[in-house]
Amino acid sequence: MRLLLLPTVGFILIYSLLPHKEMRFIIYTFPVLSLVAARGCSFILCNYQKSWIYKLGSAVVVGQLLTNAAYSSICLYVSHHNYPGGRGMHELHRLLPVTADVFVHIDTYAAETGVSRFLEQNRNWRYDKREDLSVTSPDIKMYSHLLMEANVTKIQLVKDTHQPLAFIEGYSNIAFNKFHFPPITVRFERKAVLMERKTGQQKERL
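These numbers were taken from a predicted model, which means no experiment stands behind them.

A. Structural context of the pattern of salt bridges. If you walk through the whole model with that rule in mind, you get 7 salt bridges. Close ionic contact of glutamate 91 with arginine 94 constitutes a salt bridge, the shortest N to O distance being 2.5 Å. Placement of the pair is glutamate 91 and arginine 94 together in helix 4 (residues 84-95), with a separation of 3 residues, close to one helical turn. According to the relative accessible area criterion, glutamate 91 is partly exposed, its value standing at 22%. Among the ionic pairs, glutamate 120 bridges to arginine 117, the shortest N-O distance being 3.1 Å. Three or more residues joined by partner-sharing salt bridges are found here, namely Arg130, Asp132 and Asp139.

B. Structural context of the packing of helix 1 (residues 2-16) against helix 2 (residues 30-46). Direction vectors running N to C along helix 1 and helix 2 enclose 140°, while the axes themselves pass 10 Å from each other. As judged from the angle between their axes, helix 1 and helix 2 are oblique. In this structure, the crossing between helix 1 and helix 2 has a hand that is left-handed. The residues of helix 2 that touch helix 1, namely those facing Leu4, Leu5, Thr8 and Ile12, are Val32, Leu33, Leu35 and Val36. Grouping the constituent residues of the contact of helix 1 with helix 2 by class yields 7 nonpolar, 1 polar and no charged.

C. Highlighting the packing of aromatic side chains. Overall, the coordinates contain 5 aromatic pairs when judged by the stated rule. A ring pair is formed by phenylalanine 11 and tyrosine 15, whose centres lie 4.8 Å apart and whose planes are at 50°; its orientation type is tilted. Taken together, the positions of phenylalanine 11 and tyrosine 15, both in helix 1 and 4 residues apart, correspond to about one turn of that helix. Centre to centre, the rings of tyrosine 15 and phenylalanine 25 are 6.0 Å apart; their planes meet at 40°, and the pair counts as tilted. Here tyrosine 15, found in helix 1, pairs with phenylalanine 25, found in the loop between helix 1 and helix 2; they are 10 residues apart in sequence, far enough to count as distant.

D. Examining the sheet that holds strand 3 (residues 145-149) more closely. Sheet architecture is open: 5 strands sit in the order 2-1-3-5-4, paired in mixed fashion. Two strands in the sheet have a free side with no partner beyond their single neighbour: strand 2 (126-128) and strand 4 (162-176). This sheet shows a mean twist of 20° between the axes of neighbouring strands, independent of strand direction. Sheet topology note: the strand 4/strand 5 (residues 184-197) ladder contains 13 bridges and is antiparallel. Bridge assignment links alanine 175 to a residue of strand 5, and that residue is threonine 185. Lying on the sheet, helix 4 is in contact with strand 1 (103-106), strand 2, strand 3, strand 4 and strand 5; it crosses strand 4 at an angle near 140°.

E. Structural view of the nonpolar core. Core analysis: the biggest nonpolar cluster contains 16 residues, and Met89, Val104, Ile106 and Leu147 have the highest contact counts within it. Contributions of two or more residues to this core are made by helix 4, strand 1, strand 4 and strand 5. Sequence-distant contacts of isoleucine 106, defined by excluding residues within four places in its chain, comprise Met89, Ala111, Val115, Tyr127, Asp128, Lys129 and Leu147. Within the second largest apolar cluster, 11 residues are counted, among which are Met148, Ala150, Ile155 and Val158.

F. Structural context of the confidence of the model for the protein chain. Per-residue confidence for the protein chain gives a mean pLDDT of 90; residues scoring 70 or more make up 97%. Mean pLDDT across the elements of the protein chain ranges from a minimum in helix 7 (residues 199-205), with 59, to a maximum in strand 1, with 96.

Cut-offs and rules
- Residues numbered from 1 in each chain as written.
- Predicted model: local features only at pLDDT ≥ 70, side-chain atom pairs only at ≥ 80, totals over all residues.
- Heavy atoms only, no water.
- Salt bridge = Lys/Arg side-chain N within 4 Å of Asp/Glu carboxyl O.
- Helix = DSSP H or I, 4+ residues; strand = E, 2+ residues; numbered from the N terminus.
- Buried < 20%, exposed > 50% of the residue type's maximum accessible area, 1.4 Å probe, protein only.
- Axes fitted to C-alpha atoms, helices over the stretch in contact; angles between N-to-C directions.
- Parallel < 35°, antiparallel > 145°, perpendicular 65-115°, else oblique.
- Left-handed = near helix turned anticlockwise from the far one by under 90°.
- Contact = heavy atoms within 4.5 Å.
- Nonpolar A, V, L, I, M, F, W, Y, C, P; charged D, E, K, R; others polar.
- Phe/Tyr/Trp six-rings, centres within 6.5 Å; stacked < 30°, edge-to-face > 60°.
- Pairing = 2+ DSSP bridges.
- Core = buried A, V, L, I, M, F, W, Y, C linked by side-chain atoms within 4.5 Å.
- pLDDT = per-residue confidence, 0-100.

Quick look at the structure:
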């Protein structure tokens, strides 16, 4: 393990001399550090009967594994709800029939939170990500749907032409309450909104 650990630590120390530091510079060392840590944990567990120190160490090893599993589960759950734009695209395809005439505008916030070309599942629909479009622009009327940030001000600005079809919730924060089980609660709030053009606007456009 020393043959693996020494050059790895040396690599990290050398990169630490740089004035500009980022995690991506040393992320390649993580598998090696994980291997060394796993070998150390295995050694402690295999010798837990030798002394009370090994028994205590074994308890620490098991405890950190359980803690890491719980932390990873929470992070996975949070990450699942951290892409409201992508979930909004799924909701759009779920709510509307495939034969519908859809021309959807995807704003910058939605594009940055999960929307990609892989989610453009209907070849007959039109998807637009133009960034120079303002919610106050007259061009907003030509879109049958808007996938945008759930900003109260923006929603009010387009209320004459579009109405909310669905709100998409996303991660807000984590709350801790020792009197509640489980004591950790993940809170959500409205992050994105799927707007649909009003019927009157549809007729006016036609």
